[in-house]
Amino acid sequence: MAKRTFSTLEMFLIFLLIMMTAITVALLSLLFITSGTIENHKDSGSHVFSTTLGPTATQSPTATQGPTATQGSTATQASLVTCTPEPPLFQNFSGYHIGVGRADCTGQVADINLMGYGKSGQNARGILTRLYSRAFIVAEPDGSNRIVFVSVDIGMVSQRLRLEVLNRLQSKYGSLYRRDNVILSGTHTHSGPAGYFQYTVFVIASEGFSNRTFEYMVTGIVKSIEIAHTNMKPGKIFINKGNVDGAQINRSPHSYLQNPQSERARYSSNTDKEMVVLKMVDLNGDDLGLISWFAIHPVSMNNSNHLVNSDNMGYASYLFEQEKNRGYLPGEGPYVAAFASSNLGDVSPNILGPHCINTGDSCDNANSTCPIGGPNMCIAMGPGRDMLDSTQIIGRTIYQRAKAKTCKPALGYSFAAGTIDGVGGLNFTQGTKEGDPFWDTIRDQILGKPSEEIKECHKPKPILLHTGELSKPHPWHPDIVDVQIITLGSLAITAIPGELTTMSGRRLREAVQAEFALYGMQNMTVVISGLCNVYTHYITTYEEYQAQRYEAASTIYGPHTLSAYIQLFRGLAKAIATDTVANLSRGPEPPFFKQLITPLIPNIVDRAPIGRTFGDVLQPAKLEYRVGEVAEVIFVGANPKNSAENWTRQTFLTVEQYEAASASWQTVYNDASWETRFYWHKGLLGQSNATIEWHIPDTAQPGIYRIKYFGHNRKQDILKPAVILSFEGTSSAFEVVTT
């Protein structure tokens, strides 16, 4: 056969096809960038109320398809409360049964995307801290009414995650824990594994559905609730509020300025500085746990990080629990402290603000872009010398304040630009109000053209991805969304299925407070609990939407989204206040899809180098270290994701001290300790190494120590199924001395 030759035109078309394929992959990788009826007794302060509503997607003349939208009204201003060293408790709810529980929900720590920034290549390669589910159950003494609030160290709660948790709770407890009295809230760490979603836009961003991680998370959440259920005892609940300074900035101040000046003048800051703390004690006054709500993005760990961790809010929990659970390792002990998300949509912990990393100049402008290098060079940082230092500074600030106090969905172009906390992978800029012919053509060829209806509805947002009109292989975004309010005495917890901006949170909070007051429930404290039950991206005010920065472009139900939520939450507040919860429609059940895209990274057999076995030491520890130094050991490793399938050990490492009196080794640190690091280095043909670091703190006692590594390797013989085998490695002993 004669050799086939190609014309110039054919070569050009082949080149164009290859380029379009590459661009398609890049575009899809950008799809996610961040970044029941219960008796109501108003007369008594010791009752639990809960209600939920799952609205169908209905049409409104002024809104997109999604939650029904009307113009929401604002209410009177909530007074600001300053923080004092030891503030008096101004609420005391007695007569409850209280249970708290905590369980590991880490999932994979390798070969999986980290969920939040949407940065291509930001896969997990080890662990800095474990991720935990923290559950709190509050019930009336006769058990008639109860609620469950769970704060989980993950990016956000997916609808699939919630549905499976509820299904397993029903299997074990019957109708005790239900859709209407259980709230699951994500802390929004951007350093947790992805892969636990069912809607296509998130599945693509996760590079597939990871049943391994999904099962680990579900099991951890359910276990935390089971522990709380088992540990229930009579107790009291106290609530307090105060301001936190020096921990946050508004990352979209130009959007905030779009809100009416008369409204902005009522507040002293463009962020919500108020922290609400719910403290739980038993009848003897002994501490059981606490929940704190504060508006801040857990993005102190930036998009160059590859270690799974819980970021600044998790560090606050770590400090509080370590203080209360003295003598226990991290993740152990009876006291549970949750630092939950609130209206954090436009709030950053990187308080030094955005600067061009190539010149050092400020890039705090409407488009968050630099004169040289564009938006990719504009990144916010601080307050520490690096991201680990910043995480601990912000986390400690939050901890100390809590300790001192008791439309159809569519994504716009600016969503692909990312934020000053983590820019996108391509040269999109924030504030974009016009489409780009190049990207429009790519979208139209691959996904089809957006309808005129959705383009008109979302104005001034230019449509990059018309996700509300995409349904293959499954819907790309949810069109059934739960909204939920739970009340404890004069505290109302609003479960928000997304990220409210500062002003959106203020408007919703005031509207709910006003609705309660209108129907006789005065002086209610309304808490915004974010990222609950299902994720629907961001919720801006109508005015902020016009600026089309990242948060507005990610408001997927259009410019009237906030008004729709305000209407729905006012309806729930009225139903609670008027004792008409039984008249509310539950709405349809969300779907649970069966077939999802499998992970793009395959499972392969682990192999040790010739002459070596898993757990062998490749680089030993030194004979002696001083406090402040780093002890490092390198082992023959195996893929850490195997450990998410085998729960024989819930740590990858321990640091152990020799106790002469008992002639035994005692564990003093594990992989949930902030003093340790576990790095996994992937090699070729199934080979890999594991590096364990112990950053020896000043508090370390002089003595003899060793480091242990715990792993699991995948083995598969010919014509046999794969098996997961456990192994461990131990370093030589070394001495720690003081300076």
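Calculation criteria
Residues numbered from 1 in each chain as written. Predicted model: local features only at pLDDT ≥ 70, side-chain atom pairs only at ≥ 80, totals over all residues. Heavy atoms only, no water. Helix = DSSP H or I, 4+ residues; strand = E, 2+ residues; numbered from the N terminus. Buried < 20%, exposed > 50% of the residue type's maximum accessible area, 1.4 Å probe, protein only. Areas by Shrake-Rupley, 256 points an atom, 1.4 Å probe, with all protein chains shown as cover. Disulfide = S-S within 2.5 Å. Pairing = 2+ DSSP bridges. 1 Å grid on protein atoms, 1.4 Å probe; cavity = no way out; pocket = protein on both sides within 12 Å on 5 of 7 lines; lining within 4 Å. Points joined across faces, edges and corners; volume = space filled by probe spheres on them. Nonpolar A, V, L, I, M, F, W, Y, C, P; charged D, E, K, R; others polar. Phe/Tyr/Trp six-rings, centres within 6.5 Å; stacked < 30°, edge-to-face > 60°. Lys NZ or Arg CZ within 6 Å of the ring centre and 35° of its normal. UniProt positions renumbered as here; feature names shortened; annotations may be inferred. Polar contact = N/O pair within 3.5 Å; in protein donor to acceptor, adjacent residues only side chain to side chain. Expected span 1.5 Å × (residues − 1).

For the rest of this paragraph, the subject is the overall build of the chain. Secondary structure summary: the chain contains 14 helices and 37 strands in total. Counting every position in the chain, which comprises 739 residues, the buried fraction comes to 59%. With an accessible surface of roughly 27,800 Å², the chain has 53% of that area assigned to carbon and sulfur atoms.

Our focus in this paragraph is the state of the cysteines. In this structure the tally under the stated criterion is two disulfides. Covalently, Cys-356 is tied to Cys-370 through a disulfide, its sulfur atoms 2.1 Å apart. Measuring the twist about the S-S bond at about -110°, one finds the Cys-356-Cys-370 disulfide to be left-handed. In this pair, Cys-356 is assigned in strand S17 (residues 354–356) and Cys-370 in the loop between S17 and strand S18 (378–380), connecting sequence segments 14 residues apart. For Cys-363, the disulfide goes to Cys-378, at an S-S distance of 2.1 Å. Every disulfide takes its handedness from the sign of the S-S torsion; for Cys-363 and Cys-378 that torsion is 90°, giving right-handed. A residue pair is termed long-range when its members are at least 10 positions apart, and Cys-363 in the loop between S17 and S18 and Cys-378 in strand S18 qualify at 15 residues. You'll find Cys-363 and Cys-378 in the same group, each marked buried.

Okay, the pairing of strand S31 (residues 653–659) next. For S31, the buried fraction is high: five of the seven residues fall into the buried class. In this sheet, strand S32 (residues 664–670) lies alongside S31 in antiparallel orientation, the contact comprising six bridges. Residue pairing across strands places Glu-656 opposite Thr-667, the latter belonging to S32.

Let us now look at the layout of surface pockets. One number sums up the size of the largest pocket: a volume of about 920 Å³. Along its surface, the largest pocket is lined by 32 residues, and Tyr-318, Tyr-669, Glu-675, Pro-697 and Thr-699 are the ones closest to its centre. Of all the elements in the fold, those that place two or more residues in the lining of the largest pocket are helix H7 (311–324), helix H8 (387–404) and S32. Here the residues of the lining of the largest pocket sort into 14 nonpolar, nine polar and nine charged.

This paragraph deals with the packing of aromatic side chains. Tallied over the full model, the rule gives 25 aromatic pairs. On the basis of an interplanar angle of 35° and a centroid distance of 5.2 Å, the ring pair of Phe-197 and Phe-202 is categorised as tilted. Assessed through its relative accessible area of 3%, Phe-197 is described here as buried. Among the aromatic residues, those joined into a cluster by ring pairs are Phe-614, Phe-635, Phe-652, Phe-678, Tyr-709 and Phe-727. The positively charged end of Lys-324 is found above the aromatic ring belonging to Tyr-335, 5.8 Å away from the centroid. In this structure, Arg-506 packs its charged tip against the face of Tyr-267, placed 3.9 Å from the ring centre.

Counted residue by residue, strand S13 (residues 274–282) has seven buried out of nine residues, so it is predominantly covered. Sheet topology places S13 next to strand S14 (residues 287–293); six bridges connect them, and they run antiparallel. Within the sheet, the bridge partner assigned to Val-281 lies in S14 and is Asp-287. In sequence, S13 turns back onto S14 through a hairpin of four residues, with Gly-285 there showing a positive phi of about 85°.

Here we take up the UniProt feature "binding site: Zn(2+)" (unreviewed entry) in the chain. Under the feature "binding site: Zn(2+)" (unreviewed entry), the UniProt entry names His-188, His-297, Glu-499 and Tyr-538. Accessibility expressed as a relative area gives 0% for Glu-499, which makes it buried. Of the polar contacts made by the side chain of Glu-499, one reaches the side chain of His-297; its length is 3.0 Å. By relative accessible area, Tyr-538 is classed as buried at 1%. A polar contact of 3.5 Å, which involves the side chain of Tyr-538, links it to the side chain of His-297.

Attention shifts here to the sheet that holds strand S33 (residues 676–682). If you walk across this open sheet you meet the seven strands as S10-S5-S6-S33-S34-S30-S28, and the pairing is antiparallel. Of all strands in the sheet, those with a lone pairing partner are strand S10 (192–193) and strand S28 (617–619), marking the two edges. Where strand S5 (residues 110–115) and strand S6 (residues 123–127) come together, two bridges link them in antiparallel fashion. Opposite Asn-113, over in S6, you have Asn-123 as the bridge partner.

Reported here for the second largest cavity is a volume of approximately 90 Å³. Contributing to the lining of the second largest cavity are 14 residues, with Tyr-132, Arg-134, Gly-314, Tyr-318 and Ala-672 lying nearest its centre. Considering each element in turn, the lining of the second largest cavity owes the most residues, four residues, to H7. In the lining of the second largest cavity, the residues fall into five nonpolar, five polar and four charged.

Along its 17 residues, helix H14 (residues 561–577) runs 25 Å from first to last C-alpha, staying within 8% of the 24 Å computed at 1.5 Å per residue. The buried count for H14 comes to 13 of 17 residues, which makes it a mostly enclosed element. In the segment just after H14, Asp-579 is the residue with positive phi, at about 60°.

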